[in-house]
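Each chain is listed here by its residues.
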Amino acid sequence: MYAGRFAPSPTGPLHFGSLVAALASWLDARSARGRWMLRIEDLDAPRTQPGAADDIVRVLERLGLTWDGPVVYQSVRAARYEAALLRLRASTYWCGCTRREIADSALGLAADGAQIYPGTCRDGLPAGRAPRAVRIRTESAPIAFDDRAQGPQRQSIEREVGDFILYRADGQVAYQLAVVVDDAEQGITDVVRGADLIDSTARQIHLQRLLGYPLPRYLHVPVAVNASGEKLSKQSGAKAIDPARPAGFLPRALAFLGQRPAADLDEAVANWDAARIPRTRIRAVEGV
């Protein structure tokens, strides 16, 4: 049975860009008569804005994007992530590099802008170096998957990303591990999200394989950007969706996703066609 999810980070109120991802995921799940779950990715406490999670929940309710089961909060699931980290122990190692050291010796930039780790500590911590973070060993063999919106994808994690962090220097489990554990334990069969996360997918598939988890299908929708090409966010001045008048955003979100106009959500579900989603990673939008 189809199981999907929307997993926003509560770093600010829901805006148009977040709504696009939520609506696409919800419509894809409901059109398949599947379950749709809401997960708040509040693992990174310093970036979490007080009250933002409640605001997101309230706006989704007002829009009619209802979910199945209780809302899941990552911040209370640390033990689950640490258990998975222990299972991966044979494939991980401690790294003592600082950000400055990595920047000075990096092999270049990954597609998502991160520094490609050169493997400095892969064969053991250099003398005098204290452990800071835990990294996972990667492989040069490419990982390929067929994205339902963006088409065939292929990435060699070792060459294009490097061994990536699972446990950060600040004592926090990294997003890549947390999202894989959450999706597996919630039985997610279909991940529908913004295309800004498509370059993380190979890393997540790598972890899914090592942990013996089933692989979900992926559908990455275009990311909404402003006229300057900046992703809509609180920092780029994106307008928060007004909880008192949220419905006006739905027609624009449907159009952004290439869908036919609909009088209500029931008609939008009946009309949903993932093949109509524009095959591009970004789309400009004005006035939101």
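Predicted model only: the values in this text are computed from it and were never measured. (Residues numbered from 1 in each chain as written. Predicted model: local features only at pLDDT ≥ 70, side-chain atom pairs only at ≥ 80, totals over all residues. Heavy atoms only, no water.)

**Overview of helix H3 (residues 78-87)**
All of the buried residues in H3 are Tyr81, Ala84 and Leu85. For H3, the angular spread of buried residues about the axis comes to 105°, placing them on one side. In H3, the exposed positions that point more than 90 degrees away from the buried face belong to Ala79, Leu86 and Arg87. (Buried < 20%, exposed > 50% of the residue type's maximum accessible area, 1.4 Å probe, protein only. Helix = DSSP H or I, 4+ residues; strand = E, 2+ residues; numbered from the N terminus. Arc of directions from axis to C-beta.)

**Re the pairing of strand E7 (residues 151-155)**
As judged from the five bridges shared by strand E6 (residues 143-147) and E7, these two strands associate in the antiparallel manner. Of the residues in E7, the one forming a bridge with Ala144 is Arg154. In this structure, the hairpin formed by E6 and E7 is closed by a connection of three residues. (Pairing = 2+ DSSP bridges.)

**Side note on the sheet that holds strand E5 (residues 133-136)**
Taken in spatial order, the three strands line up as E4-E5-E8 in an open sheet, and their pairing is antiparallel. Single-partner strands in this sheet number two, and they are strand E4 (92-95) and strand E8 (165-167). Taking each pair of neighbouring strands and ignoring which way they run, the sheet shows an average axis angle of 45°. In this structure, E5 lies alongside E8, joined through two bridges in antiparallel fashion. Following the sheet pairing, Arg135 is matched in E8 by Ile165. (Axes fitted to C-alpha atoms, helices over the stretch in contact; angles between N-to-C directions.)

**Observations regarding unusual backbone geometry**
Unusually for a residue other than glycine, Arg33 sits at a positive phi of about 55°. In this fold, Arg33 is placed in the loop between helix H1 (16-31) and strand E2 (35-40).

**A few points about the pattern of salt bridges**
Applying the stated criterion across every chain yields a total of 19 salt bridges. Among the ionic pairs, Asp28 bridges to Arg148, the shortest N-O distance being 2.8 Å. A residue pair is termed long-range when its members are at least 10 positions apart, and Asp28 in helix H1 and Arg148 in the loop between E6 and E7 qualify at 120 residues. For Arg80, the salt bridge goes to Glu185, with nearest N and O atoms at 2.7 Å. Placement of the pair is Arg80 in helix H3 and Glu185 in helix H6 (residues 175-185), with a sequence separation of 105 residues. Under the relative-accessibility criterion, Glu185 is labelled partly exposed at 38%. Taken together, the shared-partner salt bridges connect Arg5, Arg39, Glu41, Arg77, Arg80, Asp182, Asp183 and Glu185 into one network. (Salt bridge = Lys/Arg side-chain N within 4 Å of Asp/Glu carboxyl O.)

**Details of the sheet that holds strand E3 (residues 72-73)**
Pairing is parallel across the open sheet formed by three strands, whose spatial order is E1-E2-E3. Every other strand in the sheet has two partners, leaving strand E1 (3-6) and E3 as the edge strands with one partner each. Two elements, E1 and E2, share four bridges in a ladder whose sense is parallel. From the neighbouring strand, Gly4 faces E2, where its bridge partner is Trp36. Packing against the sheet, H1 makes contact with E1 and E2, and its axis sits at approximately 150° to E2. (Contact = heavy atoms within 4.5 Å.)

**A closer look at the side chain of Ser25**
Relative to the helices and strands, Ser25 is located in helix H1. A distance of 2.8 Å separates a polar atom in the side chain of Ser25 from a polar atom in the side chain of Trp36. Not counting residues up to four positions away in its chain, the partners in contact with Ser25 are Tyr2, Arg5, Phe6, Trp36 and Val192. (Polar contact = N/O pair within 3.5 Å; in protein donor to acceptor, adjacent residues only side chain to side chain.)

**Comments concerning the nonpolar core**
Counting residues in hydrophobic clusters, the biggest one holds 44 residues, and the most contacted among them are Phe16, Leu23, Leu60 and Leu65. Those elements that provide at least two residues to this core are H1, E2, helix H2 (52-63), strand E10 (217-221), helix H8 (249-256) and helix H9 (265-271). The greatest single-element share of this core, amounting to 10 residues, is contributed by H1. Listed in part, the 30 residues of the second largest apolar core include Ala3, Leu85, Leu88 and Leu211. (Core = buried A, V, L, I, M, F, W, Y, C linked by side-chain atoms within 4.5 Å.)

**So, the packing of H3 against H6**
At a closest axis distance of 10 Å, the pairing of H3 and H6 adopts a crossing angle of 105°. Comparing their axes, H6 and H3 come out roughly perpendicular. Taking contact as the criterion, the partners of Arg80, Tyr81, Ala84 and Leu85 in H3 are, on H6, Leu177, Ala178, Val181, Asp182 and Glu185. Here the residues of the contact of H3 with H6 are counted per class, giving six nonpolar, no polar and three charged. (Parallel < 35°, antiparallel > 145°, perpendicular 65-115°, else oblique. Nonpolar A, V, L, I, M, F, W, Y, C, P; charged D, E, K, R; others polar.)

**Description of the packing of aromatic side chains**
The description of an aromatic ring pair rests on the distance of the ring centres and on the angle between the ring planes. Evaluation of the coordinates by the stated rule reveals four aromatic pairs. Seen from their ring centres, Phe16 and Phe256 are 5.8 Å apart, and the 90° between their planes marks the pair as edge-to-face. Of this pair, Phe16 sits in helix H1 while Phe256 sits in helix H8, placing them 240 residues apart in sequence. Judged by relative accessible area, Phe256 falls into the buried class, the value being 5%. Arg135 extends its terminal NZ or CZ atom over the ring of Tyr117, reaching a point 3.7 Å from the ring centre. (Phe/Tyr/Trp six-rings, centres within 6.5 Å; stacked < 30°, edge-to-face > 60°. Lys NZ or Arg CZ within 6 Å of the ring centre and 35° of its normal.)

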